Amino acid sequence: MNIVLTGFMASGKSTVGRQLSELLNRDLIDTDELIVEREGRSINDIFGKDGEEYFRRVESAVIVDAAKTDNTIISTGGGAVLNPKNMEMLRENGVIFNLDPDFSVIACRMEHAGAVRPLMRDQSLEDIRKRFDDRKPFYDNCDYKIHITADSSPRDTADKILNIINGLK
Ligand code: S3P
């Protein structure tokens, strides 16, 4: 059974994914990294030259592959939840966790996180807040929510996920 991480940009999916991968000694798949490998260029470049629709197609294609693995930690891009088919595929052999940060956590990380994220770069705080609110219903469809505050460490978050997973056995 895979452990799938979803959540808004900069919610900490990659860091928590690495933490879980170390704690459980399981492989980590980061779908954004797979996209960059497959395309041989950065996410900024893909968005800039071919647009979001094209990016979403590649994202779904790498999710098809990721969903076929077993006992893997899968960290997804923040928009993967927008396509219900992505979630359906991942759920077939996975439990889907949503990292659910207070908006203030995202606002604090924006400056640093913006450079590599086309949907965060050059956006106003209000625009990001709007996207954050618009995405909420999609994140609410995940199996479990893990609330993230400014004080949550990646280890705390990973431990919460592990407790849930252990309770499922
Ligand atoms: C996106 C999130 C990014 C990346 C792309 C689009 C989004 O991943 O997939 O820039 O739509 O939320 P992270 O959530 O890892 O930043």
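Each chain carries its own residue numbering, running from 1 in the written order of its sequence. Local features in this predicted model are restricted to residues of pLDDT 70 or higher, and side-chain atom pairs are both shown and tallied only at a pLDDT of 80 or more, whereas totals for entire chains, interfaces and linings draw on every residue. Note that the side-chain values use all heavy atoms of the structure and ignore hydrogens as well as water.

Below, the discussion takes up the sheet that holds strand S5 (residues 144-148). Here, a strand pair is defined by DSSP locating no fewer than two bridges between the strands. Strands here are runs of E lasting at least two residues and helices are runs of H or I lasting at least four, both read from the DSSP assignment and numbered beginning at the N terminus. Spatially, S2-S3-S1-S4-S5 is the arrangement adopted by the five strands of the open sheet, whose pairing is parallel. Two strands bound the open sheet, and with one partner strand each, they are strand S2 (28-30) and S5. Between one strand and the next, the sheet's axes are offset by a mean angle of 20 degrees, whatever the strand orientation. For this analysis, residues touch if any pair of their heavy atoms sits within 4.5 Å. Here an angle of 0 to 180 degrees is reported between the N-to-C directions of two axes, which are lines fitted to C-alpha atoms, with helices fitted over the stretch in contact. Sitting on the sheet, helix H2 (residues 31-39) touches S2 and strand S3 (73-75), and the angle it makes with S2 is about 65 degrees.

Here, nonpolar core refers to any group of buried Ala, Val, Leu, Ile, Met, Phe, Trp, Tyr and Cys residues whose side-chain atoms link them within 4.5 Å. The buried label goes to any residue with under 20% of its type's maximum accessible area, the exposed label to any with over 50%, and the partly exposed label to all in between, with areas taken from a 1.4 Å probe on protein chains only. One finds Phe8, Leu90, Ile106, Met120 and Ile128 to be the most contacted residues of the largest nonpolar core, which totals 31 residues. With 14 residues, the next largest nonpolar core counts Ile3, Leu20, Phe97 and Ile146 among its residues.

This part covers the environment of Leu82. By the secondary structure assignment, Leu82 is in the loop between S3 and helix H4 (84-92). Assessed through its relative accessible area of 30%, Leu82 is described here as partly exposed. A C-alpha to C-alpha distance of 9.4 Å links Leu82 and Arg56, two positions 26 residues apart in sequence. The contact partners of Leu82, leaving out residues within four places of it in the chain, are Arg56, Arg135 and Phe138.

Any residue with at least one heavy atom within 4 Å of a molecule or strand is counted as near it. Near the ligand, the surroundings consist of 13 residues, among which Lys13, Asp32, Arg56, Gly78 and Arg117 are the closest. The definition of a polar contact used here is a pair of N or O atoms within 3.5 Å, where within protein one atom must be able to donate a hydrogen and the other to accept one, and adjacent residues in sequence count solely through side-chain atom pairs. With respect to the ligand, the side chain of Asp32 contributes an N or O atom lying 2.7 Å from an oxygen atom. Arg117 is positioned such that a nitrogen or oxygen atom in its side chain is 2.4 Å from an oxygen atom of the ligand. Here the ligand has 390 Å² of accessible area as a free molecule, and 96% of this is covered by the chains. Placement of the ligand is best described as lying within the largest pocket. No other element matches helix H3 (residues 43-67), which puts three residues into the shell around the ligand. Here the nonpolar group is Ala, Val, Leu, Ile, Met, Phe, Trp, Tyr, Cys and Pro; Asp, Glu, Lys and Arg are the charged ones; every other residue, Gly included, is treated as polar. When the residues that make up the shell around the ligand are grouped by side-chain class, the tally is five nonpolar, three polar and five charged. Where accessible areas are quoted, they stem from the Shrake-Rupley method and a 1.4 Å probe; at the residue level, only the protein chains shown are allowed to cover. Within this scheme a cavity is a closed region of a 1 Å grid, computed over the protein atoms alone, that accommodates a 1.4 Å probe without allowing it to escape, whereas a pocket is open but has protein on both sides within 12 Å along at least five of seven lines; lining residues each have an atom within 4 Å of a point. Assignment to a cavity or pocket requires that more than half of a molecule's atoms be within 2 Å of the site's grid points.

Most of strand S4 (residues 94-101) is tucked away, with seven of its eight residues classed as buried. Pairing of strand S1 (residues 2-7) with S4 involves six bridges; the strand directions are parallel. Its bridge partner lying in S4, Thr6 is registered against Asn98. Direction of pairing for S4 relative to S5: parallel, over a ladder of five bridges.

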